[in-house]
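# Structural characterization, general
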Amino acid sequence: MDETPKPIDSVALVVDILSKSLTVPVSTEIPQKRPQRLVLVEREGGRCDTFFDRPRIGLLCWGESDAEAQGIAIDATHALAEAATTDRNLSSSSVETMSRDGWAQGNGARYRVVLEMTVNI
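Report follows, based on the coordinates.

Cut-off values and rules
- Residues numbered from 1 in each chain as written.
- Predicted model: local features only at pLDDT ≥ 70, side-chain atom pairs only at ≥ 80, totals over all residues.
- Heavy atoms only, no water.
- Helix = DSSP H or I, 4+ residues; strand = E, 2+ residues; numbered from the N terminus.
- Rg over C-alpha atoms; globule rule 2.2 N^0.38 Å.
- Buried < 20%, exposed > 50% of the residue type's maximum accessible area, 1.4 Å probe, protein only.
- Contact = heavy atoms within 4.5 Å.
- Lys, Arg positive; Asp, Glu negative; His and termini not counted.
- Charge placed at Lys NZ, Arg CZ, Asp CG, Glu CD.
- Axes fitted to C-alpha atoms, helices over the stretch in contact; angles between N-to-C directions.
- Parallel < 35°, antiparallel > 145°, perpendicular 65-115°, else oblique.
- Left-handed = near helix turned anticlockwise from the far one by under 90°.
- Core = buried A, V, L, I, M, F, W, Y, C linked by side-chain atoms within 4.5 Å.
- Salt bridge = Lys/Arg side-chain N within 4 Å of Asp/Glu carboxyl O.
- Pairing = 2+ DSSP bridges.

## With respect to the overall build of the chain
- What the chain contains, in helices and strands, is two helices and five strands.
- Starting at the N terminus, the α and β elements of the chain follow one another as α-β-β-β-α-β-β.
- At 15 Å, the chain has a C-alpha radius of gyration in line with the 14 Å of a compact globule built from 121 residues.
- Reported as C-alpha extents along the three principal axes, the dimensions of the chain are approximately 50 × 30 × 25 Å.
- Each of the 121 residues in the chain was classed as buried or not, and the buried ones make up 37%.
- The contacts in the chain between residues at least 6 apart in sequence include a share of 56% that link residues at least 24 apart.
- Charge-centre separation for the chain: the mean point of 13 positive side chains lies 3 Å from the mean point of 18 negative side chains.

## What to know about the packing of helix H1 (residues 10-21) against helix H2 (residues 66-86)
- Axis separation between H1 and H2 bottoms out at 10 Å; the angle between their running directions is 115°. The orientation of H1 with respect to H2, classified from their angle, is roughly perpendicular. Regarding H1 and H2, the two cross each other, and that crossing is right-handed. Note on element contacts: H2 touches H1 through Ala76, Ala79, Leu80 and Ala83, opposite Val14, Ile17, Leu18 and Ser21.

## Side note on the environment of Ala69
- Position of Ala69 relative to the elements: it lies in helix H2.
- When the C-alpha atoms of Ala69 and Leu38 are compared, they prove to be 8.9 Å apart, with 31 residues separating the residues in sequence.
- Contacts of Ala69, omitting those with residues within four sequence positions, involve Cys61, Trp62, Gly63, Ala109, Arg110 and Tyr111.

## So, the nonpolar core
- One finds Val14, Leu18, Val39, Val41, Leu59, Leu80 and Leu90 to be the most contacted residues of the largest nonpolar core, which totals 29 residues.
- Residue assignment for this core shows that the elements contributing at least two residues are H1, strand S2 (38-48), strand S3 (52-63), H2 and strand S5 (109-120).
- Per-element tally for this core: the top contributor is H2, with eight residues.

## Some points on the pattern of salt bridges
- Under the counting rule described, the total for this entry stands at ten salt bridges.
- Salt-bridge contacts for Asp49 lead to Arg54; the nearest nitrogen and oxygen are separated by 3.1 Å.
- Via salt bridges that share partners, Glu44, Arg56, Glu96 and Arg112 belong to a single interconnected network.

## Some remarks on the pairing of S5
- Counting buried positions along S5 yields nine of twelve residues, so the element is predominantly enclosed.
- Examined bridge by bridge, S3 and S5 share ten bridges and lie antiparallel to one another. By the bridge assignment for S5, Leu59 is matched with Val113.
- With nine bridges connecting them, strand S4 (residues 90-100) and S5 associate as antiparallel partners. Along S5, the bridge assignment pairs Leu90 with Val119.

## So, the environment of Pro31
- Relative to the assigned elements, Pro31 resides in the loop between strand S1 (26-27) and S2.
- A residue is classified by how much of its surface remains accessible, and Pro31, at 33% relative accessible area, is partly exposed.
- Between the alpha carbons of Pro31 and Ile8 there is a distance of 25 Å; along the sequence they are 23 residues apart.

Structure below.
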């Protein structure tokens, strides 16, 4: 039986943490019928070595208003920062940038967050 630990999927880790912490759907794909509130998780870059993955993670946070979308974005960043103190796979999570996304289509508002993270692999 092979007991070699499998590498951590950083995006899946973020989705798991946020799904447990937020009251809105969290996904790596936009559903065909997008809900009014949603957090989309994407890897936007980063680097990896033998011990750490240092992903640059983007979050697109939809809400029914700018204030709600911003609140979801803030809640997500706080949840990940807190998880970095308790989750054995996540060493750090810090905000690189957070902004209102003026390119949101359809009804609803959207905030974009880019995080720099360190994941133990």
